[in-house]
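Reading the structure
This is what each chain is made of:
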Amino acid sequence: MTSSYLILATFAMAGVTFITRALPALIPRRLLDKPWLHRLNESLPLSVMALLILTSLSYQDLSPTTGLHSAELHLLLAQIGALLLVLLVYHISRQLLVSMVAGIASLNGLLWLFTNFLG
């Protein structure tokens, strides 16, 4: 079940990517020059990245009895912190790659901090 889901999700993402890449070639040029479309184009990569991160948050193993020193809680807090940093860095720099690198670095850094100081 899991492998078929991953294959289906991969093909769905490839299809969406292909459509979004091919669509500008099919739309008349005068429609592509609208200001709202440029603003949407600027925010779309960050929105997609934030959605992917939000759907991958690890909260399934948490329960009301989960303690502050549990690895599951540390992972969730590190993921949320990294997501917030990604949003902040992208807002400041408007560079998707820079914000992704900052997010990966902060996720690993926060996990290290939580493990060494709270765990």
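About the thresholds
Residues numbered from 1 in each chain as written. Predicted model: local features only at pLDDT ≥ 70, side-chain atom pairs only at ≥ 80, totals over all residues. Heavy atoms only, no water. UniProt positions renumbered as here; feature names shortened; annotations may be inferred. Helix = DSSP H or I, 4+ residues; strand = E, 2+ residues; numbered from the N terminus. Contact = heavy atoms within 4.5 Å. Patch = residues over 30% accessible without salt bridge, like charges linked within 9 Å, V, L, I, M, F, W, Y side chains within 5 Å. Areas by Shrake-Rupley, 256 points an atom, 1.4 Å probe, with all protein chains shown as cover. Salt bridge = Lys/Arg side-chain N within 4 Å of Asp/Glu carboxyl O. Phe/Tyr/Trp six-rings, centres within 6.5 Å; stacked < 30°, edge-to-face > 60°. Buried < 20%, exposed > 50% of the residue type's maximum accessible area, 1.4 Å probe, protein only. 1 Å grid on protein atoms, 1.4 Å probe; cavity = no way out; pocket = protein on both sides within 12 Å on 5 of 7 lines; lining within 4 Å. Points joined across faces, edges and corners; volume = space filled by probe spheres on them. Nonpolar A, V, L, I, M, F, W, Y, C, P; charged D, E, K, R; others polar.

1. Thoughts on the UniProt feature "transmembrane region" (unreviewed entry) in the protein
- The UniProt feature table records "transmembrane region" (unreviewed entry) at residues 6-28, 71-89 and 96-114.
- Along residues 6-28 the backbone is 91% helical and 0% strand, and the end-to-end C-alpha distance reaches 35 Å.
- Helix and strand shares over residues 96-114 are 100% and 0% respectively, and the end C-alpha atoms of the span are 26 Å apart.

2. Thoughts on the environment of Gly103
- Mapped onto the fold, Gly103 is located in helix α5 (residues 96-118).
- Separated by 24 residues in the primary sequence, Gly103 and Gln79 have C-alpha atoms spaced 8.7 Å apart.
- The contact partners of Gly103, leaving out residues within four places of it in the chain, are Ala82 and Val86.

3. Overview of unusual backbone geometry
- For Arg94, which is not a glycine, the phi torsion comes out positive at approximately 60°.
- Tracing the backbone through its elements, the reader meets Arg94 in the loop between α4 (71-93) and α5.

4. Comments concerning a nonpolar patch on the surface
- Together, Met13, Trp36, Leu40, Leu44, Val48 and Leu52 give the surface a local cluster of nonpolar side chains, amounting to about 590 Å² of exposed area.
- It is helix α3 (residues 35-55) that provides the largest number of residues to the nonpolar patch, a total of five residues.
- Its place among the elements puts Met13 in helix α1 (residues 2-26).

5. A short note on the packing of aromatic side chains
- Tallied over the entire structure, the rule returns one aromatic pair.
- A ring pair is formed by Trp112 and Phe117, whose centres lie 6.0 Å apart and whose planes are at 85°; its orientation type is edge-to-face.
- On the basis of relative accessibility, which here comes to 52%, the residue Trp112 falls in the exposed class.

6. Considering the side chain of Ser106
- On the secondary structure map, Ser106 appears in helix α5.
- The exposure class of Ser106 is buried, given its relative accessible area of 14%.
- Setting aside its immediate chain neighbours within four residues, Ser106 contacts Ala82 and Leu85.

7. Some thoughts on the layout of surface pockets
- Reported here for the largest pocket is a volume of approximately 1,000 Å³.
- Residue assignment for the lining of the largest pocket shows that the elements contributing at least two residues are α1, α2 (29-32) and α3.
- In terms of residue count, the dominant contributor to the lining of the largest pocket is α1 (eleven residues).
- Classifying every residue of the lining of the largest pocket gives 17 nonpolar, six polar and three charged.

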